[in-house]
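Structure assessment
Residues per chain, in single letters:
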There are 2 protein chains.
Amino acid sequence: MYRTHHCGELSLEHLNQNVTLSGWVQKNRNKGFIIWTDLRDRYGITQLVFDEERTPKAVFEKAQGLGREFVIQIQGTVIERESKNPNLSTGAIEVLVDDLTVLNEAKTPPFTIEDQTDGGEELRMQYRYLDIRRSAVKEKLMFRSKVSMAVRNYLTDAGFVDVETPYLIKSTPEGARDFVVPSRMNAGQFYALPQSPQTFKQLLMVGGMDKYFQIVKCFRDEDLRADRQPEFTQIDCEMTFVEQEDILNQFEGLTQHLLKSIKGIEPNPFPRMSYEEAMKTYGNDKPDIRFGMTFCELNDLAQGKGFGVFDSQELVVGIAVPQAAEMTRKEIDGLIDWVKRPQIGAKGLIWVKCNADGSHKSSVDKFFNAADLAQWAARCNAKTGDLILVLSGDSHSTRSQLSALRMELGERLGLRNPEEFAPLWVTDFPLLEWDEESKRYHAMHHPFTAPKPDQLELLKTNPGAVKANAYDLVLNGNEIGGGSIRIHDQALQSQMFDLLGFSKEEAQAQFGFLMDAFQFGAPPHGGIAFGLDRLVAILGGEETIRDFIAFPKNNSGRDIMIDAPASLDQNQLEELSLKTTLTKKE
Amino acid sequence: MYRTHHCGELSLEHLNQNVTLSGWVQKNRNKGFIIWTDLRDRYGITQLVFDEERTPKAVFEKAQGLGREFVIQIQGTVIERESKNPNLSTGAIEVLVDDLTVLNEAKTPPFTIEDQTDGGEELRMQYRYLDIRRSAVKEKLMFRSKVSMAVRNYLTDAGFVDVETPYLIKSTPEGARDFVVPSRMNAGQFYALPQSPQTFKQLLMVGGMDKYFQIVKCFRDEDLRADRQPEFTQIDCEMTFVEQEDILNQFEGLTQHLLKSIKGIEPNPFPRMSYEEAMKTYGNDKPDIRFGMTFCELNDLAQGKGFGVFDSQELVVGIAVPQAAEMTRKEIDGLIDWVKRPQIGAKGLIWVKCNADGSHKSSVDKFFNAADLAQWAARCNAKTGDLILVLSGDSHSTRSQLSALRMELGERLGLRNPEEFAPLWVTDFPLLEWDEESKRYHAMHHPFTAPKPDQLELLKTNPGAVKANAYDLVLNGNEIGGGSIRIHDQALQSQMFDLLGFSKEEAQAQFGFLMDAFQFGAPPHGGIAFGLDRLVAILGGEETIRDFIAFPKNNSGRDIMIDAPASLDQNQLEELSLKTTLTKKE
């Protein structure tokens, strides 16, 4: 037996007991006549003592050779510490060692195994197995396990059935790029890895499974933006005989359960906001509502006053930054530079300070008088000491620019407290969005989303104006879940494929099985999917997902620890009836 | 709201309540003036009544048009049935319908949606979404969900952390064939889908995760034998600072928990048997111990008596078939033909009847006298009325043939009761097996399995004789789990790769990251993996796994419902820098 206790367990209760522990050497303090060694495992740290006078000589000598990260087993007696460490669960005791076995030696790790490590991202990923020994990473992985079990418990208790859907499915050109898998037994043909189990969960509803969930890996072969992974995990759910309201209630329940059981928070009922309102008020369909600075549209107040920059624009819109009127000219210039960066793309930024004496000072004093600026301030609900920032341009870009500025200021002003949780349902998304490049409609959510039932006529006359029973759950400015009521009518589904530019043949070849299924008694149904990686990160109080994933890939989609992807043996390619078209030089 | 209750819920308690139900029309009985309709959902069946006198006329008329599998919503009043159905949870009541909405019509399904369907396998798979509506399939999927949740609860309570390992990993030529995934971003390179998360779970142990589990899809591109799937699910587990005994206890605990919580069985401690004993006694490393007919070796009794068939053979071995002496000559000839089939491959079968009068009658009376046969009977523990069946030949083939015969007879004699559960640990597997074809050793379990610690010397002199701390959990003649103590020493792992015929370069290229990891303080560790599909099927009392999988593939690895795999668009191939090498005709 390697251990009687783990390293986070012993306390004064165990005084004088003989114990066996196994773990890693965290650090040694060698005073010559006495050695203190911190022994670490998943559960904690226990201090060992090797004492020239009280430890057998051979053991004491062996202890001299212990290095960091050596794996050892010891036997010893629990004794009380002279100077207790109140920050450690085992801080009241230490173990006086009688016997020591070195189970495995260790080379010096390439970075320190401590909360604050000296290892950079690349090095940490290459030696991820060492990185995981650090509490900071280990705790995140354990936290993820806890969240995912809490999800399972809630959904199982609510009658959801965990059904595994296949990973080897069929490629569909709609949406993002698929990862594909050549079939050896069906030469020249390919499976695809699922971007989501969407059609399968709908078929489970057609099959009468009623309430389905699955925590499932999904795959998307996209050029990776920061903090995206080619494989990611979804909490995938679907329900039958439900309206939007039923789904929102069910999954608000799930999210509340997580906030309660994981974070100890009793949340209020989640606010709801239409897509249109979110775009108008926050310039964004996933607003962070932990802080204000909501948008105030100023067209009627700001146009026609001779300020040419505003006059011709579709939208003039501002935010009132709380207590920022004290900003220096240099600081404001910094903001102006920030919004002009190519990532944001604004042409400039107008500012108005709401001074302590009730006056206003602006960058456009030439064009607007005191009364004008007072009206702006009233519209923006600006208080004394606030700073109003105004952008103008076409609605779409301007909202997006001001939204970015708002988030940046929220961050700079410390208004985005990671331990505060502000969930929000965004509803009534448009069904379709027009794509200028391909000159056709794309599904805003996916091709299976149902239009609002009272807008079926509008779908024929003005598809772009049709709204869907589609909804996102937003948490602290991140979309953590999204779903919709689905189409369950074969004719309507076929109409949708037409609108999305599928020929009848393409629709049949790719989704014939689904449209067939709809002819055999498909029930009304709908669902939602949560991004588990993101959800866990936000609940864990972080913005980046990478350390909540045990073995993440880098921005080129590579696992640098195992060095994948890699070349294949020629005979593997031959068995798959494939060859690569690269020239030698590549 | 689509329903106030589901279809398995209403009883006399709800009498006179107004209810709303939604579901599928299971069947109609139309008596002209009254129509009874069985309404079905996941939870049960509720009988609806449309009565000419009591139902609104328009509703009654609409009800005339209802066909099987129509999806409907009704409102009505719960009333007491005149003739109750005690086999139905809702059998005491029916619902007198006031209002009827047809939510979706249905074409006549290609097979009947009943427990015993008229649909063949191919048809059922093509319309799997209809097949799943049948209780027989639906219950199996719900059973699977229940088992997998019970596994999660047990392991979570025991301190295991659910860690997701990556699906896009690296191909390794060792073992079965990988499915591979071309990388677009890393042109000419491929990921592989995991055959198991083996190396990752070991790295989690090196990373100090201590106790890991995951219920995870794995992939193997093999020519599919009956009842194998290219993608399958594993309960994958690993532990640190454990010996074999710790692992057997932990996972015997898991299996007992499943037998108790799922089947209501209180199992005894599981028996254990070495691989050698299993092969000698059952001819098989996964013996079904629900019944006897253990092997009796007869070489010393049966050789040198002038019967040439036996004399030159490595092994003469028999089984006593209980109460089978009554078999007719024709029945015995049937058995002889059975063992001579190419799938079994025996040359013939010798039989001895243990007659009621104490005499023995055999097919080899010419060579063996009464005393000889009595000795055989004694060796085989044969009782009066038993039939001894004897095979001979080389040990390996003969054991395998007799094992197949034993299983066949167990089946025919009804000794394999699916509701009886006989778990067994098989231990002490050989580390390596010699492969005549490639003239080299293969790992019996996998290349990471540790030899028994006291046999490290033997590994140099006679590798084939070395045993491993490897174990299988066998249930009713099926291997449901298998695992081992792993190597955690870099030098020993390197020696293993040598033995398995890897060059230093190959070992480094494929498993360098693991051997690197072993140098930074790798702890002793071991684990096990259960095949969830098989485990669930056996617990469910069935031998075949297919209906415990929502969307299985057929024997050619195809999903015939969605028609995958399929050809790719040319531009998808180009993006992947690939082309197929098929000639046009293929």
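Residues numbered from 1 in each chain as written. Chains lettered and ligands numbered in written order. Predicted model: local features only at pLDDT ≥ 70, side-chain atom pairs only at ≥ 80, totals over all residues. Heavy atoms only, no water.

Attention now moves to the overall build of chain A. When you go through chain A residue by residue, the secondary structure sums to 17 helices and 23 strands. Considering only C-alpha atoms, chain A reaches an extent of 90 × 75 × 60 Å along its principal axes. A burial count over chain A gives 59% of its 586 residues as buried. The long-range share in chain A, meaning contacts at least 24 apart out of those at least 6 apart in sequence, stands at 65%. For chain A, the exposed surface amounts to about 23,700 Å²; the carbon and sulfur share of it is 47%. (Helix = DSSP H or I, 4+ residues; strand = E, 2+ residues; numbered from the N terminus. Buried < 20%, exposed > 50% of the residue type's maximum accessible area, 1.4 Å probe, protein only. Contact = heavy atoms within 4.5 Å. Areas by Shrake-Rupley, 256 points an atom, 1.4 Å probe, with all protein chains shown as cover.)

Split by domain assignment, chain A resolves into domain 1 (12-104), domain 2 (131-167 + 193-273 + 419-557) and domain 3 (291-412). Taking the mean C-alpha position of each, domain 2 of chain A and domain 3 of chain A sit 36 Å from one another. (Domains from an automatic or database assignment.)

The next point concerns the sheet that holds strand S2 (residues 34-41) of chain A. Residues and elements named next belong to chain A. On the basis of which strands lie adjacent, the closed barrel formed by 5 strands has the order S1-S2-S3-S5-S4 and mixed pairing. Averaged over all adjacent pairs, the angle separating strand axes in this sheet is 55 degrees, with direction ignored. Where S2 meets strand S3 (residues 44-51), 8 bridges bridge the pair, whose relative direction is antiparallel. Paired with Leu-39 across the strands is Thr-46, a residue of S3. (Pairing = 2+ DSSP bridges. Axes fitted to C-alpha atoms, helices over the stretch in contact; angles between N-to-C directions.)

The peptide bond linking A:Ala564 to A:Pro565 adopts the cis configuration, its omega dihedral lying at 0 degrees. Mapped onto the fold, A:Pro565 is located in the loop between helix H16 (532-539) and helix H17 (570-575). A positive phi is found at B:Glu69, a non-glycine position, where the angle reads about 70 degrees. Position of B:Glu69 relative to the elements: it lies in the loop between helix H1 (57-64) and strand S4 (71-80).

Residues and elements named next belong to chain A. Relative orientation of the contacting elements helix H4 (residues 135-157) and H16 amounts to 110 degrees, with a least axis distance of 10 Å. What the angle tells us is that H4 and H16 run roughly perpendicular. Regarding H4 and H16, the two cross each other, and that crossing is right-handed. When H4 is examined against H16, the residues Phe-143, Arg-144, Val-147 and Ser-148 are found in contact with a partner set consisting of Leu-532, Asp-533, Val-536 and Leu-539. Along the lines of polarity and charge, the residues of the contact of H4 with H16 split into 5 nonpolar, 1 polar and 2 charged. (Parallel < 35°, antiparallel > 145°, perpendicular 65-115°, else oblique. Left-handed = near helix turned anticlockwise from the far one by under 90°. Nonpolar A, V, L, I, M, F, W, Y, C, P; charged D, E, K, R; others polar.)

This part takes up the state of the cysteines. All names here are of chain A. Counting across every chain of the model gives 2 disulfides over all chains. Cys-296 shares a disulfide with Cys-380; S-S distance 1.9 Å. In this structure, the disulfide formed by Cys-296 and Cys-380 twists by about 75 degrees around the S-S bond and is classed as right-handed. In this pair, Cys-296 sits in strand S12 (residues 296-297) while Cys-380 sits in the loop between helix H11 (370-379) and strand S16 (387-393), placing the two residues 84 residues apart along the sequence. A relative accessible area of 8% means that Cys-380 is categorised as buried. Not part of a disulfide, Cys-218 finds its nearest cysteine sulfur in Cys-237, a span of 12 Å. (Disulfide = S-S within 2.5 Å.)

On to the interface of chain A and chain B, then. On the side of chain B, 123 residues touch chain A, which itself brings 123 residues to the contact. Interface area, chain A with chain B, both sides summed: about 10,900 Å², of which 61% is carbon and sulfur. Here chain A and chain B share 10 salt bridges between them. B:Asp210 is paired through a salt bridge with A:Arg3; the nearest N and O atoms lie 2.9 Å apart. For the interface between chain A and chain B, the tally reads 68 residue pairs in polar contact (both at pLDDT 80 or more). Considering every element that reaches the side of chain A that touches chain B, the biggest residue donor is H4(A), with 10 residues. Partitioning the side of chain A that touches chain B into residue classes produces 63 nonpolar, 30 polar and 30 charged. Examined bridge by bridge, strand S23 (residues 578-580) of chain A and strand S23 (residues 578-580) of chain B share 3 bridges and lie antiparallel to one another. If you follow A:Leu578 over to S23(B), its bridge partner there is B:Thr580. (Buried area = accessible area lost by both parts, 1.4 Å probe. Salt bridge = Lys/Arg side-chain N within 4 Å of Asp/Glu carboxyl O. Polar contact = N/O pair within 3.5 Å; in protein donor to acceptor, adjacent residues only side chain to side chain.)

Turning our attention to the pairing of S3(A). Taken across its 8 residues, S3(A) has 8 buried, putting it largely inside the fold. Neither face of S3(A) is exposed, since A:Gly44, A:Thr46, A:Leu48 and A:Phe50 on one face and A:Ile45, A:Gln47, A:Val49 and A:Asp51 on the opposite face are all buried.

What follows covers the packing of aromatic side chains. Tallying each qualifying case throughout the model produces 49 aromatic pairs over all chains. Centroid distance A:Phe241 to B:Trp24: 5.6 Å. Interplanar angle 65 degrees. Geometry classified as edge-to-face. Taken together, the residues A:Phe241 in the loop between strand S10 (231-240) and helix H6 (244-263) and B:Trp24 in strand S1 (residues 18-30) connect one chain to another. Note on A:Phe241: relative accessible area 3%, which makes it buried. A relative accessible area of 2% places B:Trp24 in the buried class. Ring geometry for B:Trp425 and B:Tyr471: centres 6.3 Å apart, planes at 85 degrees, overall edge-to-face. Taken together, the residues B:Trp425 in strand S17 (residues 423-427) and B:Tyr471 in strand S20 (residues 470-475) connect sequence positions 46 residues apart. By relative accessible area, which is 0% here, B:Trp425 ends up buried. The ring centre of A:Phe291 lies 4.0 Å from the NZ or CZ of A:Arg406, which sits over that ring. (Phe/Tyr/Trp six-rings, centres within 6.5 Å; stacked < 30°, edge-to-face > 60°. Lys NZ or Arg CZ within 6 Å of the ring centre and 35° of its normal.)

If you look at the biggest cluster of nonpolar residues, it comprises 97 residues, and the most contacted ones within it are A:Leu155 and A:Phe251. Per-element tally for this core: the top contributor is H6(A), with 7 residues. Those residues in contact with A:Leu155, other than ones at most four positions away along the chain, are A:Phe160, A:Phe213, A:Ile235, A:Cys237, A:Phe251 and A:Leu254. In terms of nonpolar packing, the next biggest core, distinct from the first, is built from 96 residues, B:Tyr275, B:Met279, B:Phe518 and B:Ile545 among them. (Core = buried A, V, L, I, M, F, W, Y, C linked by side-chain atoms within 4.5 Å.)

As a further point, take helix H12 (residues 395-412) of chain B. Residue and element names in this part refer to chain B. Spanning 18 residues, H12 covers 25 Å between terminal C-alpha atoms, matching the ideal 26 Å at 1.5 Å per step. Regarding H12, the residues found buried are Ser-395, Thr-398, Arg-399, Gln-401, Leu-402, Ser-403, Leu-405, Arg-406, Met-407, Leu-409 and Gly-410. Residues of H12 that are buried sit in contact with helix H7 (275-282), strand S12 (296-297), strand S13 (315-321), helix H10 (329-340) and strand S16 (387-393). (Expected span 1.5 Å × (residues − 1).)

Looking now at the pattern of salt bridges. Taken as a whole and assessed by the stated rule, the structure comprises 93 salt bridges over all chains. The partner of A:Lys84 in a salt bridge is A:Glu80, with the nearest N and O atoms 2.8 Å apart. Assessed through its relative accessible area of 44%, A:Glu80 is described here as partly exposed. For B:Asp223, the salt bridge identified is with A:Arg184, shortest N-O distance 3.2 Å. Of the two residues, B:Asp223 is situated in the loop between strand S9 (211-219) and strand S10 (231-240) and A:Arg184 in the loop between strand S7 (180-182) and strand S8 (190-192); the pairing between them involves two chains. Relative accessible area serves as the criterion here: at 14%, A:Arg184 is assigned to the buried category. Among the charged side chains, a network of salt bridges with common partners joins A:Glu121, A:Arg124, A:Arg128, A:Asp131, A:Arg134, A:Arg546 and A:Asp547.

Attention now moves to the side chain of A:Thr199. With respect to the helices and strands, the residue A:Thr199 is situated in helix H5 (residues 198-206). Leaving out residues up to four positions away in the same chain, A:Thr199 has contacts with A:Phe448, A:Phe511, A:Phe513 and A:Leu514.

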